[in-house]
Amino acid sequence: MKNANNAAAELAFLFKVMPAMQDVNTVDQIYRLLLAIATAGETIGYRRAMLFAADSKSGEIRGRFGIERPEAQRPRKATFEEMARGVFDLYEGVESHDLTLKARVFSVPLGWQRSALFKAVNTGHPVLAEQGLSEFATDPFFNFFGTTSYIAVPIRFQNRVTAVLAADKGVGTRRGSTEDISLLHSLAQHAAASAQRIIDVSDSRRRFRVLSKIIETLNTSEVTDKLDGGLKLSLTMITRAMGATGCFLKDLTRQKTVHIKPVSDYTPDDDDDDVAIGECFEEILDRAAGRVETVWGDANHPLLDEKAGNVRLFFAHPLICGSDVAGAIAVYTEEEDNPTGATGYRPEDKNLFILAAGIIAAKIEVNDKETRIQRIEDFVQELSVNLSRERERSRIGEKGVSYQTKVSKDLESLRKILSTRTPYTKR
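Novice: How should the packing of aromatic side chains be read in this particular structure?
Specialist: Centre-to-centre distance and the angle between the planes together describe a pair of aromatic rings. Overall, the coordinates contain 16 aromatic pairs when judged by the stated rule. Pairing F141 with F145 gives two aromatic rings, centres 4.5 Å apart and planes at 40 degrees, and the pair type is tilted. With F141 and F145 both in helix 6 (residues 141-145) and four residues apart, this pair spans about one turn of that helix. Between F315 and F353 the ring centres are 5.5 Å apart and the planes differ by 80 degrees, which places this aromatic pair in the edge-to-face class. Taken together, the residues F315 in strand 10 (residues 311-321) and F353 in helix 10 (residues 347-419) connect sequence positions 38 residues apart. Residue class for F315 comes out buried when judged on its relative accessible area of 3%. In textbook terms, an aromatic cluster arises when at least three aromatic residues are bridged by ring pairs, as seen for F52, F106, F141, F142, F144, F145 and Y150. Over the aromatic face of F144 sits the side chain of K102, whose NZ or CZ is 5.4 Å from the ring centroid.

Below is the structure:
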């Protein structure tokens, strides 16, 4: 009866404390709170809990955090105050706990079929692993953490499993029941929803910062030479913000195409690949600008031929300036930068790209107008200098005509005097 009452009190506590996940600010804090909640209860909780991150780029599942509820801190009575105090103490102790340090040196390759951690990542469903089962015969988790049974629950957000929650009841205790697995799965789902909210807010702020930085960069690019640098920096920021491989910009007003591809490792073969990709994307950019429409697709798109190489995704948008089209911009992702196998960019990334395209188009339009105005000002200034020169020449010419007139009059008077028949002495 006592256990039933404690279980009911612990369950009520969990329902009250789970919304607290929405008040934390980082994903790591959510993970730590998840571990603390999972191990806080004596009757329905777990003795130990660990959080593992699934990293597709490194190709492994590696430990991040771990916590174990000490025997001395088990509440005698499952009151809300005692459990809240227990959750707080566990949460504060996660970062420096010995189990965290131990978990961080443990890893399992993605693809290790006999690991419950990998099965949870691969299937997206909770997995109950027992040491005696043949399907987990070579699971290193048992020997490393000293247990005979544990539960692996996937944590899915951003449309993929990015972490796994592993928990056990402790050495020599019963394995988890169906109710235990269901409860742990509910906690993991709630944590995933909270983590997704944090990531969405963080992504919104990041996209806002990217757009603000693009505006700031282009505003400081007042002349054509600086504009080229500002555009290249803006394309680099767009590429990195979308997690893409490279970006193209076709400027019809200046008749030039720019290709930006941030790389960490460079080989001479990259030049040939970039040239081939550039030839392929010329048609994509021409279509986006010529038809004034967005063009996107994956590796099966008809505009991507063998020249595109390993390009798996692309998204192109026209640069619209009022009623005119100043060109087009396109972003693309190669196979090595698409570990999840996505077939398209996220809607929020597309919106970021379209907004950035509008900012760049407006700057190109302003720069074109400023260039025309500068040309007119240069022409007016040159005309003014020429007119000044002509006026100077005119003043010199007027003086010459006046002097010539005076000399002509004097010569005429002299001629009259010389032609008279008046005696010489009188003349």
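Novice: What should I look at first to understand the sheet that holds strand 8 (residues 256-260) in this one?
Specialist: Each strand in a sheet pairs with its neighbour through backbone hydrogen bonds, running either in the same direction (parallel) or in the opposite one (antiparallel). Taken in spatial order, the five strands make up an open sheet running 8-7-11-10-9, and their pairing is antiparallel. Where the open sheet ends on each side, the last strands, each with one partner, are strand 8 and strand 9 (295-298). For this sheet, the mean angle separating the axes of adjacent strands, direction not counted, is 10 degrees. In this structure, strand 7 (residues 246-251) lies alongside strand 11 (residues 324-334), joined through six bridges in antiparallel fashion. What sits directly across from K250, in strand 11, is A328.

Novice: Honestly, the pattern of salt bridges in this entry has me stumped. Any pointers?
Specialist: Any two side chains of opposite charge can pair, given that their charged atoms come close. If you walk through the whole model with that rule in mind, you get 16 salt bridges. One salt bridge connects E293 with R291, and the closest N-O pair in it is separated by 3.8 Å. Relative accessible area serves as the criterion here: at 31%, E293 is assigned to the partly exposed category. A residue is classified by how much of its surface remains accessible, and R291, at 53% relative accessible area, is exposed. Here the residues in one salt-bridge network are D228, D251, R254 and K256, joined through shared partners.

Novice: Would you mind showing me how to read the nonpolar core here?
Specialist: Generally speaking, nonpolar side chains in soluble globular proteins are found buried as a group. Counting 36 residues, the largest nonpolar core has Y31, L35, I155, F157, L165 and L184 as the members making the most contacts within it. Of all the secondary-structure elements, those providing two or more residues to this core are helix 2 (27-40), strand 1 (48-55), strand 2 (60-68), helix 3 (80-93), strand 5 (149-157), strand 6 (160-168) and helix 7 (178-219). With ten residues, helix 2 is the single largest residue contributor to this core. Discounting residues that sit within four places of it in the chain, L165 has contacts with L34, L35, A49, M50, L51, I151, A152, V153, I155 and L184. L211, L235, V258 and A357 belong to the second largest nonpolar core, which has 32 residues in total.

Parameters at a glance
- Position numbers for residues start from 1 in each chain and track the written sequence from start to end.
- With the structure being a predicted model, the display of local features is reserved for residues of pLDDT at least 70 and the display and counting of side-chain atom pairs for 80 or more, all residues being used for whole-chain, interface and lining totals.
- Only heavy atoms go into the side-chain values, all of them from the structure, while hydrogens and water stay out.
- Any two rings among Phe, Tyr and Trp, with Trp reduced to its six-membered ring, count as a pair given centres within 6.5 Å; such a pair is stacked if its planes are under 30 degrees apart, edge-to-face if over 60, and tilted if neither.
- Numbered from the N terminus, helices here are DSSP runs of H or I no shorter than four residues, and strands are runs of E no shorter than two.
- Whether a residue is buried, partly exposed or exposed follows from its accessible area with a 1.4 Å probe, protein chains only, as a fraction of its type maximum: under 20%, in between, or over 50%, in that order.
- A positively charged side chain is recorded as over a ring if its NZ (Lys) or CZ (Arg) lies within 6 Å of the ring centre. The angle to the ring normal must also be within 35 degrees.
- DSSP-based pairing: two strands are paired if at least 2 bridges between them are found.
- Axis definition: a line fitted to C-alpha atoms, over the contacting stretch in the case of helices. Angles run 0 to 180 degrees between N-to-C directions.
- Here, a salt bridge means any side-chain nitrogen of Lys or Arg that lies within 4 Å of a carboxyl oxygen of Asp or Glu.
- Remark: nonpolar core denotes a set of buried residues (Ala, Val, Leu, Ile, Met, Phe, Trp, Tyr, Cys) joined through side-chain atoms within 4.5 Å.
- A contact between two residues is defined here by any heavy atoms of the two lying within 4.5 Å.

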